[in-house]
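Structural description and commentary
The primary structure of each chain is shown beneath.
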Amino acid sequence: MSKTNRRSAIKTMAMGAGVLGLSPIIALEAEAKPTNLNMKRLKNNIKHSACRWCYQSIPLEEFAKNAAEIGLKGIDLLKPEEWETVEKYGLECSMATDTFANIENGFNEVKNHKHLQESYMPLIEKASKHGIKNVIVFSGNRRGMDDETGFKNCVTGLKPLLEYAQERNVNLVMELLNSKVDHHDYMCDHTEWGVELAKRTEMPNFKLLYDVYHMQIMEGDVIATIRKHHKYINHYHTGGVPGRNEINDSQELFYPAIIKAVIETGFDGYLAQEFIPTYDDQLAALKEGIKICDV
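Summary of the structure given here. Model, not experiment: these values are computed from the prediction.

**Side note on unusual backbone geometry**
In this structure, Pro 242 follows Val 241 across a cis peptide bond, with omega equal to 0°. Look at Asn 44: it is not a glycine, yet its phi comes out positive at around 55°. Following the sequence through the fold, Asn 44 ends up in the loop between α1 (3-20) and β1 (47-51). In the Ramachandran plot, Asp 185 falls in the positive-phi region, its phi being about 85° despite a non-glycine side chain. Mapped onto the fold, Asp 185 is located in the loop between β5 (171-175) and α6 (191-201). Judged by relative accessible area, which is 33%, Asp 185 ranks as partly exposed.

**Topic: the packing of helix α2 (residues 60-70) against helix α3 (residues 80-87)**
The interhelical angle for the contact between α2 and α3, taken along N-to-C directions, is 45°, at an axis separation of 9 Å. Comparing their axes, α3 and α2 come out oblique. With respect to the hand of their crossing, α2 and α3 are arranged in right-handed fashion. Within the contact between the two elements, α2 uses Leu 60, Glu 61 and Ala 64 and α3 uses Glu 82, Thr 85 and Val 86. Residues that form the contact of α2 with α3 fall into these classes: three nonpolar, one polar and two charged.

**So, the environment of Lys 231**
Among the secondary structure elements, Lys 231 is positioned in the loop between α8 (222-229) and β7 (233-237). We classify Lys 231 as exposed; its relative accessible area is 56%. Counting along the chain gives 36 residues from Lys 231 to Val 195, while the straight-line C-alpha distance between them is 9.5 Å.

**Observations regarding the pairing of strand β8 (residues 270-273)**
What you see with β8 is no split at all: Tyr 270 and Ala 272 on one side and Leu 271 and Gln 273 on the other are buried throughout. Here four bridges tie β1 to β8, and the two strands are oriented parallel to one another. Considered in β8, the bridge of His 48 is made with Leu 271. Where β7 and β8 come together, three bridges link them in parallel fashion. For Tyr 236, the partnering residue across the bridge sits in β8 and is Leu 271. In this fold, the crossover linking β7 to β8 by way of helix α9 (residues 255-264) has right-handed handedness.

**A few points about the nonpolar core**
In terms of nonpolar packing, the biggest core is built from 90 residues, with Tyr 120, Leu 158 and Met 174 touching the most fellow members. The element best represented in this core is helix α5 (residues 147-166), accounting for eight residues. Contact partners of Tyr 120, with chain neighbours within four places excluded, come to Phe 100, Ala 101, Phe 107, Val 135, Ile 136, Val 137 and Leu 161.

**Structural notes on the environment of Lys 199**
Following the sequence through the fold, Lys 199 ends up in helix α6. Sequence spacing of Lys 199 and Val 155 is 44 residues, and the spatial spacing of their C-alpha atoms is 10.0 Å.

**Looking at the pairing of strand β2 (residues 74-78)**
Burial within β2 is extensive, with five of its five residues counted as buried. In this structure, β1 lies alongside β2, joined through three bridges in parallel fashion. Counted as the bridge partner of Ala 50 is Ile 75 from β2. In this fold, the crossover linking β1 to β2 by way of α2 has right-handed handedness. Relative to strand β3 (residues 92-96), β2 runs parallel, the two sharing four bridges.

**Some points on the environment of Leu 177**
For Leu 177, the location among the structural elements is in the loop between β5 and α6. The sequence separation of Leu 177 and Tyr 213 amounts to 36 residues, and the corresponding C-alpha distance is 8.6 Å. When residues no more than four places from it in sequence are discounted, the contact partners of Leu 177 are Ile 103, Phe 138, His 183, Tyr 186, Cys 188, Asp 189, His 214, Met 215 and Met 218.

**Looking at α9**
One full turn of an α-helix is made of 3.6 residues, so residues set three or four places apart face in the same direction. The set of residues buried in α9 consists of Tyr 255, Ile 258, Ile 259, Ala 261 and Val 262. In a view along the axis of α9, the buried residues occupy a sector of 155°, so they form one face of it. For α9, the secondary structure elements touched by its buried residues are α7 (212-218), α8, β7, β8 and α10 (282-293). Trailing α9 by a residue or two, Gly 266 shows a phi angle of about 90°, which is positive.

Definitions and limits used
- Residues numbered from 1 in each chain as written.
- Predicted model: local features only at pLDDT ≥ 70, side-chain atom pairs only at ≥ 80, totals over all residues.
- Heavy atoms only, no water.
- Helix = DSSP H or I, 4+ residues; strand = E, 2+ residues; numbered from the N terminus.
- Buried < 20%, exposed > 50% of the residue type's maximum accessible area, 1.4 Å probe, protein only.
- Axes fitted to C-alpha atoms, helices over the stretch in contact; angles between N-to-C directions.
- Parallel < 35°, antiparallel > 145°, perpendicular 65-115°, else oblique.
- Left-handed = near helix turned anticlockwise from the far one by under 90°.
- Contact = heavy atoms within 4.5 Å.
- Nonpolar A, V, L, I, M, F, W, Y, C, P; charged D, E, K, R; others polar.
- Pairing = 2+ DSSP bridges.
- Right-handed = clockwise from strand over helix to strand, strands pointing away.
- Core = buried A, V, L, I, M, F, W, Y, C linked by side-chain atoms within 4.5 Å.
- Arc of directions from axis to C-beta.

Structure follows, in structure tokens:
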């Protein structure tokens, strides 16, 4: 088949796939570009959010205003001094953090417990007063530590905070991160590890943040894992694999099917876009991601 005929055939097949609702294969040829998307018709079967750090070049006030217009309900990973800015636009801080929260130095090391407990208690208190439900926590890096020691240390460090947070209707949410590409040596790098820790805490307000990008890199089998362990998960992040960029057909995950599976579990929390935009118009990239996940 000539090159011209091959391109024509691919285009024809892709158009047919679109009609049938199948995954488009035109990604083999297509260049990822933003499209003019009407955001006023969101299905809102899931609460949309976006991670602030991916849009740092846009002033928070401007980003919050645009996020509300796009149809987002919250913004992820905001510090206390940022909460009131987004609240002005009817948005929530969907996942709270602060400068002391550290991926590498977490609850798996006893030497960190005092500092973390003294730092997290005021954050939990502030979050409660603002009606914020989720505060992020991290396991920390292994540094040669075995799993059993990691579990025991995390439980010891987290338990007083979980009790404190439960009284204030706040969840502590540990993020699942990959240790292969982005966060070398991070301990909570598989869903099963996070689930085992959740069981050992014996606290209903300890939850997991399932980051689809990170867990695709570490273990794959995304939809089956979500169906199996959804009761331990109360927050999701997106990201294209490989590269952590847009979640369109330029990467290997088919997000409509993933989000459909999330919704089918009865999930009522937030889905936050956490891809790094490559488009010149970063908000167009965000709109595209929201539309892809609005199933």
